[in-house]
Amino acid sequence: MTIATKPSASGLLRIEWADGQMPVLRSIRERFARERPLEGLTVGLCLHVTSETGCLVRALAAGGASVALCASNPYATQHDVAAALSDEVEVHTGGPDDWADSVAAVAARAPRITLDDGADLLSALHAVPELLDGMLGGTEETTTGLVRLRAMEAEGRLAVPVIAVNEARAEKALNDRFGTGQSVLDGILRATNILLAGQTVVVLGYGWTGRGVALAAHGLGASVIVCEVDPLRALEARMEGFSVMPASVAAERGDVFITVTGGQDVLRGEHFVRMKDGAVLANAGHFDVEISLPDLRGAAVEVREVLPLVRQYDLGDRRLNLLAGGRVVNLAAADGHPAAVMDVSFALQALAAEALATGSFTPGVHPVPDGIEREVAALKLAALGVEIDELTPAQVAYRSLTSPPLDR
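Being a predicted model, the structure only gives us computed values, none of them experimental.

### Observations regarding the packing of aromatic side chains
And step 1. This structure, assessed with the given rule, holds 1 aromatic pair.
And step 2. We note Arg211 situated over the ring of Trp208; from NZ or CZ to the ring centre the distance is 5.4 Å.

### Concerning the confidence of the model for the protein
Note: predicted coordinates in regions of low pLDDT should not be interpreted at a detailed level.
And step 1. Per-residue confidence for the protein gives a mean pLDDT of 93; residues scoring 70 or more make up 97%.
And step 2. Between residues 1-5, whose pLDDT stays under 50, and residues either more than four places distant or in other chains, the model counts 3 contacts.

### A closer look at the sheet that holds strand E5 (residues 137-140)
And step 1. With parallel pairing, the 7 strands of this open sheet are ordered in space as E3-E2-E1-E4-E5-E6-E15. Looking at which strands have only one partner, the edges of the open sheet turn out to be strand E3 (90-92) and strand E15 (364-367). Averaged over all adjacent pairs, the angle separating strand axes in this sheet is 20°, with direction ignored.
And step 2. When E5 meets strand E6 (residues 161-164), the two strands line up parallel, connected through 3 bridges. The residue of E6 that forms the bridge with Gly138 is Val162.
And step 3. Where helix H5 (residues 99-107) meets the sheet, its contacts fall on strand E1 (42-47), strand E2 (66-71) and E3, and the angle it forms with E2 comes to roughly 165°.

### Quick notes on the packing of helix H2 (residues 23-35) against helix H3 (residues 51-62)
How two helices pack is summed up by the angle between their axes together with the distance between the axes.
And step 1. The geometry of H2 relative to H3 is characterised by a closest axis approach of 7 Å and an angle of 20° between their N-to-C directions. The angle between the axes of H2 and H3 places the two elements in the roughly parallel class. In this structure, the crossing between H2 and H3 has a hand that is left-handed. Only Cys55, Leu56, Arg58, Ala59 and Ala62 of H3 make contact with H2, whose side of the interface consists of Leu25, Arg29, Phe32 and Ala33.
And step 2. Broken down by class, the residue content of the contact of H2 with H3 amounts to 7 nonpolar, no polar and 2 charged.

### Let's talk about the side chain of Glu140
And step 1. Structurally, Glu140 can be placed in strand E5.
And step 2. It turns out Glu140 is buried and unbridged, and the closest side chain with the opposite charge, Arg148, is 7.3 Å from it.
And step 3. Filtering out sequence-adjacent residues up to four positions away, Glu140 remains in contact with Asp116, Asp117, Gly118, Ala119, Gly145, Leu146, Leu149, Val162, Ile163, Ala164, Val165 and Asn166.

### Notes on the pairing of E1
And step 1. Counting buried positions along E1 yields 6 of 6 residues, so the element is predominantly enclosed.
And step 2. Burial along E1 is two-sided: the face carrying Thr42, Gly44 and Cys46 and the face carrying Val43, Leu45 and Leu47 are both buried.
And step 3. Both E1 and E2 contribute to a ladder of 6 bridges, which runs parallel. If you follow Thr42 over to E2, its bridge partner there is Ser66.
And step 4. What joins E1 to E2 is H3, and the crossover it makes is right-handed.

### Structural notes on the sheet that holds strand E7 (residues 200-204)
And step 1. With respect to topology, 8 strands assemble into an open sheet ordered E9-E8-E7-E10-E11-E14-E13-E12, the strand pairing being mixed. At either end of the open sheet lies a strand with only one pairing partner, and these are strand E9 (243-244) and strand E12 (302-307).
And step 2. Direction of pairing for E7 relative to strand E8 (residues 223-227): parallel, over a ladder of 5 bridges. Paired with Val202 across the strands is Ile225, a residue of E8.
And step 3. Across the face of the sheet, helix H8 (residues 169-192) comes into contact with strand E10 (256-259), strand E11 (280-283), E12, strand E13 (310-314) and strand E14 (319-323) while running at roughly 135° to E10.

### Comments concerning the nonpolar core
General note: in soluble globular proteins, nonpolar side chains tend to be found buried as a group.
And step 1. In this structure, Leu45, Leu56, Leu60 and Leu348 are the most contacted members of the largest nonpolar core, which totals 49 residues.
And step 2. Ignoring sequence-local partners within four residues, the contact set of Leu348 consists of Val165, Ala168, Ala170, Glu171, Val368, Ile372, Glu373 and Val376.
And step 3. Core analysis: the next-biggest nonpolar cluster, separate from the first, contains 26 residues, Ile188, Val224, Phe242 and Val256 among them.

### Structural notes on helix H16 (residues 370-383)
And step 1. Taking 1.5 Å per residue as the helical rise, H16 with its 14 residues ought to reach 20 Å, and the 20 Å between its terminal C-alpha atoms agrees with that figure.
And step 2. Turning to H16, the residues buried within the fold contact H2, H8 and helix H15 (339-358).
And step 3. Just downstream of H16 lies Gly385, where phi reads positive at about 75°.

### Looking at the layout of surface pockets
And step 1. When its volume is computed, the largest pocket comes out at roughly 1100 Å³.
And step 2. Looking at the largest pocket, it is lined by 49 residues, and the ones nearest its centre are Thr143, Thr209, Val260, Ala284 and Gly285.
And step 3. Contributing elements (two or more residues each) for the lining of the largest pocket: H3, helix H7 (143-154), H8, helix H9 (208-219), helix H14 (329-332) and H15.
And step 4. Considering each element in turn, the lining of the largest pocket owes the most residues, 5 residues, to H8.

### A closer look at the pattern of salt bridges
And step 1. One pass over the full model with this rule turns up 25 salt bridges.
And step 2. Between Glu35 and Arg31 there is a salt bridge, with the nearest N and O atoms lying 2.9 Å from each other. With Glu35 and Arg31 both in helix H2 and 4 residues apart, this pair spans about one turn of that helix.
And step 3. For Arg148, the salt bridge is made with Asp120, and the minimal N-O distance between the two is 2.8 Å. Highlighted residues: Arg148 in helix H7 and Asp120 in helix H6 (residues 120-126), separated in sequence by 28 residues.

Rules used in this analysis
Residues numbered from 1 in each chain as written. Predicted model: local features only at pLDDT ≥ 70, side-chain atom pairs only at ≥ 80, totals over all residues. Heavy atoms only, no water. Phe/Tyr/Trp six-rings, centres within 6.5 Å; stacked < 30°, edge-to-face > 60°. Lys NZ or Arg CZ within 6 Å of the ring centre and 35° of its normal. pLDDT = per-residue confidence, 0-100. Contact = heavy atoms within 4.5 Å. Pairing = 2+ DSSP bridges. Helix = DSSP H or I, 4+ residues; strand = E, 2+ residues; numbered from the N terminus. Axes fitted to C-alpha atoms, helices over the stretch in contact; angles between N-to-C directions. Parallel < 35°, antiparallel > 145°, perpendicular 65-115°, else oblique. Left-handed = near helix turned anticlockwise from the far one by under 90°. Nonpolar A, V, L, I, M, F, W, Y, C, P; charged D, E, K, R; others polar. Buried < 20%, exposed > 50% of the residue type's maximum accessible area, 1.4 Å probe, protein only. Lys, Arg positive; Asp, Glu negative; His and termini not counted. Salt bridge = Lys/Arg side-chain N within 4 Å of Asp/Glu carboxyl O. Right-handed = clockwise from strand over helix to strand, strands pointing away. Core = buried A, V, L, I, M, F, W, Y, C linked by side-chain atoms within 4.5 Å. Expected span 1.5 Å × (residues − 1). 1 Å grid on protein atoms, 1.4 Å probe; cavity = no way out; pocket = protein on both sides within 12 Å on 5 of 7 lines; lining within 4 Å. Points joined across faces, edges and corners; volume = space filled by probe spheres on them.

Structure, rendered in structure tokens:
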């Protein structure tokens, strides 16, 4: 028996493992190989470089695309996967100091279609307007990226169409709720090896991702507190059985704090001074701005690394433990979403890229076409061996009536 030791060889094995759990994307790759809908197009990707991303890269390449890839988060890059992919497509990765250059290198290829995780690649292209000539559009995978893109759209600066993959129903249900819910806690447990049962977990933000984190933490025996600024989401959290309170109050009660808002300074100095000795701070948002690192450093009399992914801030009378430098914990401390979840996300990405290549969209942010969502959901159900009902002709006719009859 031969055991792979080279990074590229181990990366190939990781991609193959992920491929075995991504039947929907695999079926799309097989069709792409036959039909070649991306023939002759340069497709630029700025995504987390993981084994699942490797499967997406292969699907796009099978469709005829010339693929250039860079990392949306250098701290989350699986370098053996990057090494394996570099034998097949153009890959630009490195450390934090190389990140901007990597994005610029992919932008310099003047891709006709982009797939973004945070809108960094599309923003780089807009900084050099001539690179946008002939561009068909892009896709966006994150809430944070869509906030940036909608701001550009409102200012009249978004020059191309963008399909909001992050807002697809299938994406929110599987990726945000189940994928992030599991992988965030996986990252926290890998970094600390703490027991969550009996702990109080504070989840800051109750969108789809916050729901998933809260549900997963509750399932492991933790008491969950939710902090929100949206009254409707706060009401949902309360009706779903979680305590809801301001962050300033929750700061005194929590053992583990998880930010998942996409905002800035969600946890800051006024919260740190109220926290218990030994509190754990983790961020599940895209950028490392949700936990105020300047406030944390400013309050500390000493900082030390107590574990490879745990930085302890001694405030004099208490110690706070920051995980993965405040970066996205499910990727910086673990392997991100399970491949079975990314199967749906990247299937949506691949079909959205095909839609941009073969359709016609106006500049601006667009929802994922309903036909794509239904195709992906149907393929996933088929892969799971699940059958569902169909409407009868009479039911279809009834639904089409503007004023259904009341008499029976």
